[in-house]
Amino acid sequence: MEVSKIVPITIGIAGFGILVLALSQSSKNKNSAAYLDGGFSDVGFNAKEIATMLYDAMKEANFTNTDKRKTIFTALTGVSPKQFAQVIKAFGFRYYNTLTGNTYFALWQTPVKHPLKVWLKEELSSEDYKLLKSNYPTQL
């Protein structure tokens, strides 16, 4: 075979290989973006577990749990807005005394159940709540 025929064939094969490689990398990037956007299932995410962590952090009076803020933000680290909606649903409505900041009620008080939004607003400072709200604007 002549050299003049081998060069175009080699360039064509190399170009095809580069095209296949570029297309495979493009599909990998689309898959990773879909994962970040919540397009695929949330492997290893447990909304009920996070809701329980939040409840355990907030159920006592403020002066008995000094690490409350840290626990709340740690539990919500890496939680997407879609996942946070699942956490809200898993948390549901739980008894909370907005007067005392815990789950205990005096004899004259009527126990009232509140959603996670109320718990967080009562337990966090206004600055911390605004920060959380900036991460989850539609849920809070």
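Below is a short write-up of the structure. (Residues numbered from 1 in each chain as written. Predicted model: local features only at pLDDT ≥ 70, side-chain atom pairs only at ≥ 80, totals over all residues. Heavy atoms only, no water.)

## Things to note about the packing of helix α4 (residues 81-91) against helix α5 (residues 116-123)
It is at 9 Å that the axes of α4 and α5 come closest, and there the two elements cross at 100°. Here α4 is positioned roughly perpendicular relative to α5, judged by the angle of their axes. Between α4 and α5, the contacting residues are Phe 84, Val 87, Ile 88 and Phe 91 on the first element and Leu 116, Trp 119 and Leu 120 on the second. Of the residues that constitute the contact of α4 with α5, the class distribution is seven nonpolar, no polar and no charged. (Axes fitted to C-alpha atoms, helices over the stretch in contact; angles between N-to-C directions. Helix = DSSP H or I, 4+ residues; strand = E, 2+ residues; numbered from the N terminus. Parallel < 35°, antiparallel > 145°, perpendicular 65-115°, else oblique. Contact = heavy atoms within 4.5 Å. Nonpolar A, V, L, I, M, F, W, Y, C, P; charged D, E, K, R; others polar.)

## Digging into the pattern of salt bridges
Under the defined criterion, the tally for this structure stands at three salt bridges. A salt bridge links Lys 59 to Asp 56, with the nearest nitrogen and oxygen atoms 3.7 Å apart. (Salt bridge = Lys/Arg side-chain N within 4 Å of Asp/Glu carboxyl O.)

## Considering the nonpolar core
One finds Leu 54 and Leu 120 to be the most contacted residues of the largest nonpolar core, which totals 24 residues. Elements that contribute at least two residues to this core include exactly α2 (47-58), α3 (68-75), α4, α5 and α6 (126-135). For this core, the element with the most residues is α2, which contributes six residues. (Core = buried A, V, L, I, M, F, W, Y, C linked by side-chain atoms within 4.5 Å. Buried < 20%, exposed > 50% of the residue type's maximum accessible area, 1.4 Å probe, protein only.)

## Concerning the packing of aromatic side chains
Under the counting rule described, the total for this entry stands at five aromatic pairs. On the numbers, 5.5 Å between centres and 55° between planes, the contact of Tyr 55 with Trp 119 is tilted. On the criterion of sequence distance, the pair formed by Tyr 55 in helix α2 and Trp 119 in helix α5 is long-range, its members being 64 residues apart. Under the relative-accessibility criterion, Tyr 55 is labelled partly exposed at 21%. The class of Trp 119 is buried, set by a relative accessible area of 0%. Put simply, the rings of Tyr 55, Phe 91, Tyr 96 and Trp 119 pair up and form one aromatic cluster. Over the ring of Tyr 55 we find Arg 94; its NZ or CZ atom is 4.8 Å from the centre of that ring. The ring of Phe 91 carries the charged tip of Arg 94 above its face, separated from the ring centre by 4.6 Å. (Phe/Tyr/Trp six-rings, centres within 6.5 Å; stacked < 30°, edge-to-face > 60°. Lys NZ or Arg CZ within 6 Å of the ring centre and 35° of its normal.)

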